[in-house]
Amino acid sequence: MNELASIIPAAGLGTRMRGGDKLTEEVGGIPLLRRIAEMARSVCDPVIVALPVPAAARGGALEGLDVTRVAVPDAAEGMARSLVRAAAALPETCRGILVMPADMPEITAPDLATLARVFDAEGGQRIVRATTEDGAPGHPVIFPRRFRSALMQLTGDQGARDVLMAEAEAGRVLHVPLPGRRARVDLDTPEDWAAWRAGQRAVSARDD
């Protein structure tokens, strides 16, 4: 049985970037989407990336990576379409599904490995969700494979929020804190990116 599969919803139109593309912005000299896919690949097999039609620069950012690309021609209907189409491409044998948003520049490969270890320790039966250091729920999230059908029935632009809320209310979500606030850092506008980069430079200068 496959250990863990990953879904990366990367078909969103990103209109708040006003003509730019947040997923091809570079982090550490690498397009963000490629960075996210490489990290997911370090702990997951397969990694399924949902892409717009045409994929354009996002497709180019994945060149040479061992990932499965899934076209989402109806991406304008909301983020759920990325999750639905990617979930449909999952192998029946996967034990868990790591949903990794593509616009989170501070998540690290060790973070994903930590979540995977917790999921394994729980026998792959509970949802595992990353939180900030102070407990605010964030991403990524690992779903047991029984949630595949629920992911395939999502609609709108809220992703799996309703599924997560229902499971959390029932006490079936295990929260795993990650350092700082990186479980909630996503960058949607040019101003977000400028502020984040300024903060990174400040941290680097302080460390030096």
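Residues numbered from 1 in each chain as written. Predicted model: local features only at pLDDT ≥ 70, side-chain atom pairs only at ≥ 80, totals over all residues. Heavy atoms only, no water.

The subject of this paragraph is the pairing of strand β5 (residues 68-71). Looking along a regular strand, one sees the side chains alternate between the two faces of the sheet. With four bridges connecting them, strand β4 (residues 47-51) and β5 associate as parallel partners. From the neighbouring strand, L51 faces β5, where its bridge partner is A71. Following the backbone out of β4, through helix α2 (residues 56-61) and into the adjacent parallel β5, one traces a crossover that is right-handed. (Pairing = 2+ DSSP bridges. Helix = DSSP H or I, 4+ residues; strand = E, 2+ residues; numbered from the N terminus. Right-handed = clockwise from strand over helix to strand, strands pointing away.)

The full count for this structure, using the stated rule, is two aromatic pairs. Taking the centre distance of 5.9 Å and the plane angle of 85° together, the rings of W193 and W196 count as edge-to-face. Linking W193 with W196, this pair stays in helix α7 (residues 190-207), spanning three residues, or about one helical turn. Residue classification places W196 among the buried positions, given a relative accessible area of 12%. (Phe/Tyr/Trp six-rings, centres within 6.5 Å; stacked < 30°, edge-to-face > 60°. Buried < 20%, exposed > 50% of the residue type's maximum accessible area, 1.4 Å probe, protein only.)

Of note, V43 is situated in helix α1 (residues 32-43). Under the relative-accessibility criterion, V43 is labelled partly exposed at 24%. Sequence separation between V43 and G199 is 156 residues; the distance between their C-alpha atoms is 29 Å. With near-sequence residues (within four places) excluded, V43 lies in contact with L4, L98, L112 and A113. (Contact = heavy atoms within 4.5 Å.)

On to the sheet that holds strand β6 (residues 96-99). Ordered in space as β5-β4-β1-β6-β8-β7-β9, the seven strands form an open sheet in which the pairing is mixed. A single partner strand is all that each edge strand has here, and the edge strands are β5 and β9 (173-177). Taken pair by pair, the neighbouring strands of this sheet meet at an average axis angle of 25°, ignoring direction. The pairing of β6 with strand β8 (residues 137-144) spans four bridges and is classified as antiparallel. Counted as the bridge partner of V99 is V141 from β8. Running at roughly 45° to β8, helix α4 (residues 109-121) makes contact with β6, β7 (127-131), β8 and β9 of the sheet. (Axes fitted to C-alpha atoms, helices over the stretch in contact; angles between N-to-C directions.)

Take the nonpolar core next. Formed by 37 residues in total, the largest nonpolar core has its most connected members in I8, A10, L33, V49 and M100. Mapped by element, the contributors of at least two residues to this core are α1, β4, α4, β7 and α7. If one sorts the elements of this core by residue count, α1 sits on top with six residues. Excluding anything up to four places from it in sequence, V49 contacts I8, A10, L33, L62, V67, T68, R69 and V70. Formed by 27 residues, the second largest nonpolar core is a distinct cluster that contains L90, C94, V99 and V141. (Core = buried A, V, L, I, M, F, W, Y, C linked by side-chain atoms within 4.5 Å.)

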